[in-house]
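Secondary and tertiary structure notes
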Amino acid sequence: MDIVICVKQVPEVKDADLSINKEGTDIDNRDDLVMTINEWDNYAVEEGVRLKETYGGTVTLITIGDEDAEDILRRGLAMGADNAILIDDEAFKGSDAQGIATGLYEVLKDLEFDLVLTGVQSFDDGWGQVGVMLAELMNLSYATLAVKINVQEKGLIIHRELESNTLEKVKLSLPALLTIQTGINTPRYVSIMGIRKVRNIGIEETDAEELNLPLDQIGFEGSCISLRKLSLPPAGKAEMLTGSLDAVCETVADIIRKKGGIS
Amino acid sequence: MPEIFVVTEHRKGKFRDITFEMLALADSLASANNCSVTAILLTDNASGLSEKLRSACDCILVAEDPAFANYSYDEYLAAFEKIIGQRNPSLILVGNTAMGMDLAPAMSTRFSIPCVSDCVNVEISDDGSLKLKRQIYGGKIDASLIMKPSPRYIVTVRAGVFSADGNIGRNAKIENFSVPAFDNLKRRQFIEYIEEITEDVDITAADILVSVGRGIGKSENIALVQEFADAIGATVSCSRPVADKGWLPKSRQVGTSGKTVKPKIYIALGISGAFQHQAGMKNAGTIIAVNKDPNAPIFNIAHYGIVMDLFQFLPRITEKFKQGA
């Protein structure tokens, strides 16, 4: 089974103190943030590599990003992917989901594959749209929010994650595209040694011009958004408990005793 | 008069809450901008469902077909292909749900309609431009958007944001439409729903939940949380990353795709508080959150917040109760 996996590099902000520049256009301290593979995409890479290990075939990674995005491709190669393609072009800056899907489509349309995987969404923009748009452009069958994949003789049986503790079982014809939900597997650990071992694998690079992409379909010009202004959310409503460790714990213990009716 | 479409969502013959949340949003947009509201109902059996929509919109556009018994994108797209061209809606509201995330981007691409997902606010300005608000970076940044002009837009709406409590007081007429034959579609076939069975503790029955998130770091540390929970007679639950990593069973997961809980006390330890998690616990009586990130979104809904390292907090708070016993 030949598999293509679309991945994205995103900043890690979970414990970061973020600030916004005064124009409201971007994170101010972006250079301080550690870049990492989008969490959903990491699960997608693991899933693709496992399918390859079980059924044979190849895994090809694609990303749109700058030269630093090579890091996540190397990481994916260390996990077991065979090839990697980097679409490196400033022109994608400001793209909406359709712009990104269009860029990926221009590469995918010339590849041979049985299955395309993407993450359900990216952590940064959180569109959750690129995978399905790409499937539609490629005229592939698809399923979003995949948490289980069963390969059958003809096609796939997929469990989709719905709300309220419920899964939906569907049957898909191949070739297909799946958007992968977190928790579908336990992604393998990637060591520095592992990444070093794949340093000689060539990464294919391309850009918008080589792909014959009209510039009015990508970037700010191609985006459906005319203006985006960022701000930090207003401060939370919580009463913040401060003081020494012991004082805070005593206050919390009192609240638990009072509200929980326990002694 | 411009028309707002609301794509209704139902499962096993019952509407999902998001349907009425979108109708409430559509009602306020329509009232302020002189639009009409049309609910789209694709179902195998409209009789019970359409009545529930009657007072919430001006028109119910119904297609009844066995193929609509359960959502599947092929059939839904075929239906929209027919009605979008005929009706010319200016705004199409879809839930940012497992159904909407599957459907809306495909509608956007196939019908060349710009789509913005997961919106928490929707406004139409005086000049007619569409203004949207959404959260990015896991809720740590708000983004306000102004859209470029377009004859129509698709907006997917975050669940649980718009209140469906009010009585809308519209009076809908029902219009039926037929859909083309689906013979050559069937690229994806619905098989069944699987409801996950709870084999261990039922977290929805607990009075006090001690809930643990990614901040706990590793599987071995769950024991510290269990010890605290035991000391106060609480049950241990978790956020998505902990279940994803297999540190606790999925049946302990609080949130949109897991369980909705309403304990007297909810103690969130190392949980950042993505909106999917908040949706599952925001109605708890008292919410206490401990997180080392002062900007964690969990502090937006907690009653009490503590910015502290869990591994300092946990032993000391546990000790408070062991001493008392």
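Model, not experiment: these values are computed from the prediction. (Residues numbered from 1 in each chain as written. Chains lettered and ligands numbered in written order. Predicted model: local features only at pLDDT ≥ 70, side-chain atom pairs only at ≥ 80, totals over all residues. Heavy atoms only, no water.)

**Let's talk about the overall build of chain A**
Spelled out, the test is: Strands here are runs of E lasting at least two residues and helices are runs of H or I lasting at least four, both read from the DSSP assignment and numbered beginning at the N terminus. Each residue is assigned to one of three classes by its accessible area relative to the maximum for its type, calculated with a 1.4 Å probe on protein chains only: buried under 20%, partly exposed between the two thresholds, exposed over 50%. Residue contacts are counted whenever heavy atoms from the two residues lie within 4.5 Å of one another. Surface exposure here means Shrake-Rupley accessible area, sampled with a 1.4 Å probe, where a residue is shielded only by the protein chains that are shown. His is not counted, nor are the chain ends, whereas Lys and Arg count as positive and Asp and Glu as negative. Charge positions are represented by NZ for Lys, CZ for Arg, CG for Asp and CD for Glu.
Looking only at helices and strands, one finds seven helices and 13 strands in chain A. In terms of its C-alpha atoms, chain A occupies a principal-axis envelope of roughly 65 × 45 × 40 Å. In chain A, which comprises 263 residues, the share counted as buried stands at 54%. Contacts in chain A between residues far apart in sequence, at least 24 positions, make up 71% of those at least 6 positions apart. Accessible surface computed for chain A: about 11800 Å², of which carbon and sulfur atoms make up 46%. In chain A, which carries 25 positive and 46 negative side-chain charges, the distance between the mean positions of the two groups comes to 8 Å.

**Thoughts on the overall build of chain B**
Scanning chain B for helices and strands turns up eight helices and 17 strands. Projected onto the principal axes, the alpha-carbon positions of chain B cover approximately 70 × 45 × 35 Å. In chain B, which comprises 325 residues, the proportion classed as buried is 59%. Within chain B, counting contacts between residues at least 6 apart in sequence, those at least 24 apart form 63% of the total. Side chains of chain B give 35 positive and 36 negative charges; the mean places of these two sets differ by 4 Å.

**Points about the interface of chain B and chain A**
How we decide: Buried area is understood as the total, over both parts, of accessible area removed when two parts are fitted together, assessed with a 1.4 Å probe. Note on definitions: salt bridges are taken to be side-chain nitrogens of Lys or Arg within 4 Å of carboxyl oxygens of Asp or Glu. For this analysis, a polar contact is any N or O atom pair within 3.5 Å, provided that within protein one partner can donate a hydrogen and the other can accept it, and provided that sequence-adjacent residues contribute only side-chain to side-chain pairs. The nonpolar class holds Ala, Val, Leu, Ile, Met, Phe, Trp, Tyr, Cys and Pro. Asp, Glu, Lys and Arg form the charged class, and all remaining residues, Gly among them, are polar. Two strands qualify as a pair provided that DSSP identifies no fewer than 2 bridges between them.
Contacts between chain B and chain A engage 77 residues on the former and 88 residues on the latter. Contact with chain A buries area across many residues of chain B, yet Y137, K148 and R187 of chain B alone supply 10% of it, more than any other trio. Between the two partners, chain B and chain A, sit ten salt bridges. A salt bridge links K320 of chain B to E250 of chain A; its shortest N-O distance comes to 2.9 Å. Applying the counting criterion to the chain B and chain A interface returns 55 residue pairs in polar contact (both at pLDDT 80 or more). The class makeup of the residues in the side of chain B that touches chain A is 36 nonpolar, 17 polar and 24 charged. As paired strands, strand β9 (residues 166–172) of chain A and strand β12 (residues 188–195) of chain B are joined by seven bridges and run antiparallel to one another.

**Quick look at the pattern of salt bridges**
Evaluation of the coordinates by the stated rule reveals 40 salt bridges over all chains. With its nearest N and O atoms 2.7 Å apart, the salt bridge here joins R160 of chain A to E168 of chain A. For the pair R160 of chain A and E168 of chain A, one class covers both residues: buried. The salt bridge partner of R170 of chain B is D58 of chain B, with a shortest N-O separation of 2.9 Å. Pair noted here: R170 of chain B is in the loop between β10 (153–157) and β11 (173–176) and D58 of chain B is in the loop between α2 (47–53) and β5 (59–64), with a separation of 112 residues, a long-range link. Taking the relative accessible area as the measure of exposure, R170 of chain B reaches 16% and is therefore buried. Ionic contacts of the salt-bridge type, sharing partners, join the residues D246, E250, D254 and R257 of chain A together with R316 and K320 of chain B into one network.

**Observations regarding a negative patch on the surface**
Definition in use: Candidates for patches are residues over 30% relative accessible area with no salt bridge; among them, like charges are joined within 9 Å and nonpolar side chains (Val, Leu, Ile, Met, Phe, Trp, Tyr) within 5 Å.
On the surface, D66, E67, D68, D71, E90 and E205 of chain A cluster together into a negatively charged patch. Structurally, D68 of chain A can be placed in the loop between β4 (59–65) and α2 (70–79).

**Looking at the pairing of strand β4 (residues 36–43) of chain B**
All names here are of chain B. Here β4 lies mainly inside the structure; eight of its eight residues are buried. Of the two faces of β4, the one carrying S36, T38, I40 and L42 and the one carrying V37, A39, L41 and T43 are both buried. When strand β1 (residues 3–7) meets β4, the two strands line up parallel, connected through five bridges. Paired with F5 across the bridge in β4 is T38. Where β4 lies against β5, six bridges are found, and the strand directions are parallel. In the sheet register, L42 faces β5, and the bridge partner there is A63.

**Quick look at the environment of H10 of chain B**
All names here are of chain B. Position of H10 among the secondary structure elements: in strand β2 (residues 10–11). On the accessibility criterion, H10 (11% relative accessible area) is buried. For the pair H10 and D65, spaced 55 residues apart in the sequence, the C-alpha separation amounts to 15 Å. Only 2.8 Å separates the side chain of H10 from the backbone oxygen of L42, close enough to count as a polar contact.

**Details of helix α4 (residues 98–111) of chain B**
All names here are of chain B. To be explicit about the condition: In this analysis, the expected span of each helix is defined as 1.5 Å times one less than the number of residues it contains.
With 14 residues, α4 should reach 20 Å at 1.5 Å per residue; the first-to-last C-alpha distance of 21 Å fits that figure. Counting buried positions along α4 yields 13 of 14 residues, so the element is predominantly enclosed. S112, located one to two residues past α4, shows a positive phi value of around 50°.

**Focus: the side chain of N21 of chain A**
Residues and elements named next belong to chain A. Tracing the sequence through the fold places N21 in the loop between β2 (9–11) and β3 (35–37). Here the side chain of N21 touches T25 through a polar contact of 2.9 Å, landing on its backbone nitrogen. If near-sequence neighbours (up to four positions away) are discounted, N21 is found in contact with D26 and D28.

**What to know about the sheet that holds strand β13 (residues 208–212) of chain B**
Here is the rule: The angle between two axes is taken between their N-to-C directions and runs from 0 to 180 degrees, where each axis is a line fitted to C-alpha atoms and a helix contributes only its stretch in contact.
Read from one edge of the open sheet, six strands run β13(A)-β17(B)-β16(B)-β15(B)-β13(B)-β14(B), paired in parallel fashion. Whereas interior strands pair on both sides, the edge strands pair on one side only; in this sheet they are β13 (239–240) of chain A together with β14 (235–238) of chain B. Pairing between strand β16 (residues 286–291) of chain B and strand β17 (residues 304–307) of chain B: four bridges, direction parallel. Along β17 of chain B, the bridge assignment pairs I288 of chain B with Y304 of chain B. Sitting on the sheet, helix α5 (residues 222–232) of chain B touches β13, β14 and β15 (265–269) of chain B, and the angle it makes with β13 of chain B is about 170°.

**Notes on the packing of aromatic side chains**
Residues and elements named next belong to chain B. The test is simple: Ring pairs shown here join Phe, Tyr and Trp side chains whose ring centres sit within 6.5 Å, with only the six-membered ring taken for Trp; geometry is labelled stacked below 30 degrees between planes, edge-to-face above 60, and tilted in between.
Under the definition given, this model contains five aromatic pairs over all chains. For the pair F15 and F20, a centre-to-centre distance of 5.5 Å together with 80° between the ring planes defines the contact as edge-to-face. What makes F15 buried here is its relative accessible area of 11%. Assessed through its relative accessible area of 26%, F20 is described here as partly exposed. Here the aromatic residues F68, Y71 and Y76 are joined through ring pairs into a cluster of three or more.

**Looking at the packing of helix α3 (residues 97–108) of chain A against helix α4 (residues 130–138) of chain A**
Residues and elements named next belong to chain A. Put simply, the test is: For classification, angles of less than 35 degrees are called roughly parallel, those exceeding 145 degrees roughly antiparallel, those between 65 and 115 degrees roughly perpendicular, and all remaining angles oblique. By definition, turning the near helix anticlockwise from the far helix through less than a right angle yields a left-handed crossing, and turning it clockwise yields a right-handed one.
Close contact between α3 and α4 brings their axes to 9 Å; oriented N to C, the two are set at 50°. Taken as axis vectors, α3 and α4 run oblique relative to one another. Crossing handedness for the pair α3 and α4: right-handed. Of α4, the residues touching α3 (which contributes A97, Q98, I100, A101, T102, L104, Y105 and L108) are V130, M133, L134, L137 and M138.

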